[in-house]
Amino acid sequence: GDSVTQMEGPVTLSEEAFLTINCTYTATGYPSLFWYVQYPGEGLQLLLKATKADDKGSNKGFEATYRKETTSFHLEKGSVQVSDSAVYFCALSRNAGGTSYGKLTFGQGTILTVHP
Amino acid sequence: DGGITQSPKYLFRKEGQNVTLSCEQNLNHDAMYWYRQDPGQGLRLIYYSQIVNDFQKGDIAEGYSVSREKKESFPLTVTSAQKNPTAFYLCATGLGGGSNQPQHFGDGTRLSIL
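Please read these numbers as outputs of a predicted model, since none were measured by experiment. (Residues numbered from 1 in each chain as written. Chains lettered and ligands numbered in written order. Predicted model: local features only at pLDDT ≥ 70, side-chain atom pairs only at ≥ 80, totals over all residues. Heavy atoms only, no water.)

Visitor: Would you explain the overall build of chain B in this entry?
Guide: Counting secondary structure elements, chain B contains 0 helices and 11 strands. Along chain B, helices (α) and strands (β) appear in the sequence β-β-β-β-β-β-β-β-β-β-β when read from the amino end. Against the globule reference of 13 Å for 114 residues, chain B gives a C-alpha radius of gyration of 13 Å, in line with a compact fold. Referenced to the eigenvectors of the C-alpha coordinate spread, the extents of chain B come out at roughly 40 × 30 × 30 Å. Counting only residues that meet the buried cut, chain B has 49% of its 114 residues in that class. The contacts in chain B between residues at least 6 apart in sequence include a share of 53% that link residues at least 24 apart. (Helix = DSSP H or I, 4+ residues; strand = E, 2+ residues; numbered from the N terminus. Rg over C-alpha atoms; globule rule 2.2 N^0.38 Å. Buried < 20%, exposed > 50% of the residue type's maximum accessible area, 1.4 Å probe, protein only. Contact = heavy atoms within 4.5 Å.)

Dropping the structure here:
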């Protein structure tokens, strides 16, 4: 079945450091890939997405490139801020059994803490 | 404001009691979903619905029930058969028309056992 594996956290960085959170996936066909962010006590917000190989999703300084050859979708940011402290989830979606209900399969989440 | 409203924010259940979590949306999305979030395990799909009066089991449906009588509403009942209900429950909506459509999430309900 489909699966998503994220790098284990928690990740602790100083402000302005470079961020990478690794994400690899297992799925047949051509899934769409997403990064969601969850701030304390809140639901998930879509951060970025990519729907086909070599697509680059970007938003708020975050980027991720859909690499089919390595089945990866690593999240990067060049200079993190304290306000980026949150839990980050990698997820995939594909049609399953001919139905297009867009089921999301999530990684386990990575906690990011950024210190001033 | 368009969005997804989950209520209550916190809920406590006694042994043997059924409780219902509310999810209302005004995004005019056809598809609605319920997820359970446990620490270190990501989100797992409980139930989903693509249209009114239709819903399907997700990966962990045992001990839960849902209804979809209106497009705007998708309540989740946690029954007494769910032996470990303590978790954060998230409702989501989506266009449902294909795998490249993102889902939109409410702010969640945290359920605890008394």
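Following the structure, the description resumes.
Visitor: Before we go on, may I ask you to explain the state of the cysteines in this structure?
Guide: Simply put, the disulfide is a covalent bond whose two ends are the sulfur atoms of two cysteines. All names here are of chain A. Summed over all chains, the structure comprises 2 disulfides over all chains. Shown here is the disulfide that connects Cys23 with Cys90, its sulfur atoms set 2.0 Å apart. Taking the torsion about the S-S bond as the criterion, the Cys23 to Cys90 disulfide, at about -70°, is left-handed. Here Cys23, found in strand 4 (residues 23-26), pairs with Cys90, found in strand 10 (residues 86-93); they are 67 residues apart in sequence, far enough to count as distant. Like Cys23, the residue Cys90 is buried in the burial classification. (Disulfide = S-S within 2.5 Å.)

Visitor: Where do I start with a nonpolar patch on the surface in this structure?
Guide: Residue and element names in this part refer to chain B. Taken together, the side chains of Tyr10, Phe12 and Leu114 make up a nonpolar region of the molecular surface, amounting to roughly 380 Å² of accessible area. Tracing the backbone shows Leu114 in the segment after strand 11 (109-113). Take Leu114: its relative accessible area is 63%, and that puts it in the exposed class. (Patch = residues over 30% accessible without salt bridge, like charges linked within 9 Å, V, L, I, M, F, W, Y side chains within 5 Å. Areas by Shrake-Rupley, 256 points an atom, 1.4 Å probe, with all protein chains shown as cover. Salt bridge = Lys/Arg side-chain N within 4 Å of Asp/Glu carboxyl O.)

Visitor: How should I be thinking about the environment of Tyr48 of chain B in this particular structure?
Guide: One can find Tyr48 of chain B in strand 5 (residues 43-51). The spatial distance from the C-alpha of Tyr48 of chain B to the C-alpha of Ala31 of chain B is 7.3 Å, given a sequence separation of 17 residues.

Visitor: What am I meant to see in the pattern of salt bridges here?
Guide: Close approach of charged atoms allows side chains with opposite charge to pair. Across all of its chains, the model carries 6 salt bridges over all chains by this definition. The shortest N-O distance in the salt bridge between Lys52 of chain A and Asp55 of chain A comes to 3.3 Å. Across the pair Asp84 of chain A and Lys77 of chain A runs a salt bridge whose closest N-O atoms are separated by 2.8 Å. Lys77 of chain A shares its class with Asp84 of chain A; the two are buried. Among the charged side chains, a salt-bridge network with shared partners connects Arg36, Asp38 and Arg44 of chain B.

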